[in-house]
Amino acid sequence: MSRIATDTMVRVEDVHKSYGQGAAAVHALRGVSFEVPRGQLVALKGRSGSGKTTLLNIVGGVDEPDRGRVHVDGRDLSDLGEDDLLALRRDRIGFVFQSFGLIPVLTAAENVGVPLRLRRADPREREERVELLLSLVGLAAHARQRPGELSGGQQQRVAIARALANDPALLIADEPTGQLDAETGLAVMELLRAVVHSRQVTALVATHDVTLLDLADRVLELRDGEIVEH
Ligand SMILES: Nc1ncnc2c1ncn2[C@@H]1O[C@H](COP(=O)(O)OP(=O)(O)O)[C@@H](O)[C@H]1O
Ligand SMILES: [Mg+2]
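Rules of the game
- Residues numbered from 1 in each chain as written.
- Chains lettered and ligands numbered in written order.
- Predicted model: local features only at pLDDT ≥ 70, side-chain atom pairs only at ≥ 80, totals over all residues.
- Heavy atoms only, no water.
- Near = heavy atom within 4 Å.
- Polar contact = N/O pair within 3.5 Å; in protein donor to acceptor, adjacent residues only side chain to side chain.
- Areas by Shrake-Rupley, 256 points an atom, 1.4 Å probe, with all protein chains shown as cover.
- Helix = DSSP H or I, 4+ residues; strand = E, 2+ residues; numbered from the N terminus.
- Nonpolar A, V, L, I, M, F, W, Y, C, P; charged D, E, K, R; others polar.
- Buried < 20%, exposed > 50% of the residue type's maximum accessible area, 1.4 Å probe, protein only.
- Contact = heavy atoms within 4.5 Å.
- Expected span 1.5 Å × (residues − 1).
- Axes fitted to C-alpha atoms, helices over the stretch in contact; angles between N-to-C directions.
- Parallel < 35°, antiparallel > 145°, perpendicular 65-115°, else oblique.
- Left-handed = near helix turned anticlockwise from the far one by under 90°.
- Salt bridge = Lys/Arg side-chain N within 4 Å of Asp/Glu carboxyl O.
- Pairing = 2+ DSSP bridges.

The next subject is the site of ligand 1. Residues in close proximity to ligand 1 include Tyr 19, Val 26, Ala 28, Arg 47, Ser 48, Gly 49, Ser 50, Gly 51, Lys 52, Thr 53 and Thr 54, which together make up its full environment. Gly 49 has a polar backbone atom sitting 2.6 Å from an oxygen atom of ligand 1. About the coverage of ligand 1: the protein hides 59% of its 560 Å² of free accessible area. Mapped by element, the contributors of at least two residues to the shell around ligand 1 are strand E2 (26-37) and helix H1 (52-59). Considering every element that reaches the shell around ligand 1, the biggest residue donor is H1, with three residues. For the shell around ligand 1, a count of residues per class yields three nonpolar, six polar and two charged.

This part takes up the side chain of Glu 175. Inspection of the secondary structure puts Glu 175 in the loop between strand E7 (170-174) and helix H6 (182-199). The exposure class assigned to Glu 175 is buried, which follows from its relative accessible area of 12%. Not counting residues up to four positions away in its chain, the partners in contact with Glu 175 are Lys 52, Gln 98, Ala 206, Thr 207 and His 208.

As a further point, take the environment of Leu 106. Tracing the backbone through its elements, the reader meets Leu 106 in the loop between strand E6 (93-97) and helix H3 (108-118). Taking C-alpha positions, Leu 106 is 18 Å from Leu 132, a pair spaced 26 residues apart along the chain. Each residue touching Leu 106, except ones within four places of it in the same chain, is listed here: Asn 111, Val 114, Arg 146 and Pro 147.

It is worth spelling out helix H5 (residues 152-163) at this point. Between its terminal C-alpha atoms H5 stretches 16 Å, which fits the 16 Å expected from 12 residues at 1.5 Å a residue. Across the 12 residues that make up H5, a large majority, 10, are buried.

You can see Gln 155 is positioned in helix H5. Among residues more than four places away in sequence, those in contact with Gln 155 are Phe 100, Leu 102, Pro 147 and Leu 150.

The next thing to look at is the packing of H3 against H5. Where H3 contacts H5, the axes come no closer than 8 Å and their chain directions differ by 30°. By the criterion of interaxial angle, the relationship of H3 to H5 is roughly parallel. The two elements H3 and H5 cross, and the hand of that crossing is right-handed. Of the residues in H5, those touching H3 at Ala 108, Asn 111, Val 112 and Pro 115 are Val 158, Ala 161 and Arg 162.

Before going further, it helps to spend a moment on the pattern of salt bridges. Should the charged atoms of two oppositely charged side chains come close, the side chains can pair. Per the stated rule, a full pass over the model turns up 12 salt bridges. Here Lys 17 and Asp 66 are joined by a salt bridge, their closest N and O atoms 4.0 Å apart. A residue pair is termed long-range when its members are at least 10 positions apart, and Lys 17 in strand E1 (residues 8-19) and Asp 66 in the loop between H1 and strand E4 (67-72) qualify at 49 residues. A salt bridge links Glu 175 to Lys 52, with the nearest nitrogen and oxygen atoms 3.7 Å apart. Of this pair, Glu 175 sits in the loop between E7 and H6 while Lys 52 sits in helix H1; the two residues are 123 residues apart in sequence, bridging distant segments of the chain. In this structure, Glu 175 and Lys 52 share a single accessibility class: buried.

Right, let's talk about the environment of Arg 92 for a bit. Checked against the element boundaries, Arg 92 lands in helix H2 (residues 82-92). Along the sequence, Arg 92 and Leu 164 sit 72 residues apart, while their C-alpha atoms lie 9.7 Å from each other. A polar side-chain atom of Arg 92 sits 2.6 Å from a polar atom in the side chain of Asp 73.

If you walk across this open sheet you meet the four strands as E2-E1-E4-E5, and the pairing is antiparallel. Edge positions in the open sheet fall to E2 and strand E5 (75-76), since each of these has one partner strand only. In this structure, E1 lies alongside E2, joined through nine bridges in antiparallel fashion. When the sheet's bridge partners are listed, His 16 is paired in E2 with Arg 30.

This brings us to the sheet that holds strand E3 (residues 41-45). Judged by pairing direction, the sheet is mixed, and its six strands sit side by side in the order E6-E7-E8-E3-E9-E10 without closing on themselves. Single-partner strands in this sheet number two, and they are E6 and strand E10 (226-228). Pairwise comparison of adjacent strand axes, ignoring direction, gives a mean angle of 25° for this sheet. In the packing of H1 onto the sheet, contacts are made with E3, E6, E7, strand E8 (202-207) and strand E9 (218-223), and the angle to E7 comes to roughly 155°. Lying over the sheet, H5 contacts E6 and E7, oriented at roughly 165° with respect to E6.

Here it is in structure tokens:
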């Protein structure tokens, strides 16, 4: 799979996306263009329904635009076949969701280890990496607890550790603080920022919490499917 070295992690060019047909069509994205430089934390703000999730799904290769181009990590997503896209998502992108998405019956450590199992990492290497990741998010002492035995903020930190398991170049987070109280949300956002600045990760984080925007290197705003300039 060809890959061009570039300082730009994400390049979105004139992306359009509609749901439905004819009079019932919803234009979720109407010609969105922007770039995210490597090593930055970019916040994507916009009220509910403005197109944030649609955009993140397209950047993450989970969904396809109707029109326009998306480059991630030097690759044009429209050039990639199903297998290459899967490999890109697995090896280069980490996803964090509002609802954490942890597996309830697994411990924190086992949840973080899931991507490493999928990659068939050596068990010893896996254990060491899980330990390192849980320390990174401040949960080394909670490795054996299940999600139901952790607070919301702790669960989201486990999810961030899991998203980092395969050392992704890009972290995509969709309202990661949406289910957390203000203080916990701030701590989670600070963790994301620390990860970006210490591990050469790039992050694109959707939020409608304006108090978190100060932590971003840059803020993009979506309004009715369009980026509005500041
Ligand atoms: N699968 C879908 N089918 C139909 N409409 C959708 C679908 N997903 C999103 N939409 C619509 O697209 C618009 C943008 O939604 P979304 O990207 O989820 O916004 P946000 O994440 O900012 O709340 C909304 O009007 C929403 O109702
Ligand atoms: Mg959304």
